[in-house]
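# Working through the structure, step by step
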Amino acid sequence: MRKRDSKKLGRTCATIIVVGVFVILGFQMWRLKDKNDEYSAKVEELTVRLEEEQRRASELEDYEVYVNSDAYIEDTAKTKLGMLYDDEIVFRED
């Protein structure tokens, strides 16, 4: 009878250990899934920011081309310095 109780105790301990391992693994999987979800959200956020920055860089490159053009110099001379070509006439509202 003592041998039978010993086997039963051994099975019970093994069952408890196996269940414990499954509980621990389940908890770890849950934590890893949460971390993965956080990282996925961060990747999406950074992807959007990257696209915005790439668009902004493109706009800045376009603006740089405009600033180095004759049209920019002409617009600046007319609007900020009030300069005109000799054959231009300005109409002002009073």
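The sections below set out a description of the structure shown in this document.

Rules and cut-offs
Residues numbered from 1 in each chain as written. Predicted model: local features only at pLDDT ≥ 70, side-chain atom pairs only at ≥ 80, totals over all residues. Heavy atoms only, no water. Helix = DSSP H or I, 4+ residues; strand = E, 2+ residues; numbered from the N terminus. Buried < 20%, exposed > 50% of the residue type's maximum accessible area, 1.4 Å probe, protein only. Patch = residues over 30% accessible without salt bridge, like charges linked within 9 Å, V, L, I, M, F, W, Y side chains within 5 Å. Areas by Shrake-Rupley, 256 points an atom, 1.4 Å probe, with all protein chains shown as cover. Salt bridge = Lys/Arg side-chain N within 4 Å of Asp/Glu carboxyl O. Phe/Tyr/Trp six-rings, centres within 6.5 Å; stacked < 30°, edge-to-face > 60°. Contact = heavy atoms within 4.5 Å.

Each helix and strand in the chain was counted, giving 2 helices and 0 strands. Taken over the C-alpha atoms alone, the chain extends approximately 120 × 30 × 15 Å along its principal axes. Among the 94 residues that make up the chain, the fraction classed as buried is 1%.

Together, I17, V18, V21, F22 and L25 line one region of the surface with nonpolar side chains, adding up to about 490 Å² of accessible area. Along the chain, L25 turns up in helix α1 (residues 2-67).

Quick look at the packing of aromatic side chains now. Given two aromatic rings, one states the distance between the centres and the angle between the planes to describe the pair. For the structure on display, the rule yields 3 aromatic pairs. Summarising the aromatic geometry, the rings of F27 and W30 are spaced 5.8 Å apart at their centres and angled 40 degrees between planes, so their arrangement reads as tilted. Of the two residues, F27 and W30 are both situated in helix α1; the distance of 3 residues between them amounts to about one turn of the helix. Assessed through its relative accessible area of 43%, F27 is described here as partly exposed. For the pair Y66 and Y72, a centre-to-centre distance of 5.4 Å together with 80 degrees between the ring planes defines the contact as edge-to-face.

Moving on to the environment of A77. Mapping A77 onto the fold places it in helix α2 (residues 70-79). Sequence spacing of A77 and S58 is 19 residues, and the spatial spacing of their C-alpha atoms is 26 Å. With sequence-adjacent residues up to four places away left out, A77 is seen in contact with G82 and M83.

For the structure on display, the rule yields 5 salt bridges. Its salt-bridge partner being E88, residue K78 comes within 2.9 Å of it at the nearest N-O pair. In this pair, K78 is assigned in helix α2 and E88 in the segment after α2, connecting sequence segments 10 residues apart. Look at K78 and you get partly exposed, because its relative accessible area is 29%.

On to the environment of Y39. Along the polypeptide, Y39 turns up in helix α1. Take Y39: its relative accessible area is 54%, and that puts it in the exposed class. Note: C-alpha distance between Y39 and L50 (11 residues apart in sequence) is 16 Å.

On their own, these measurements won't tell you what the molecule is for.
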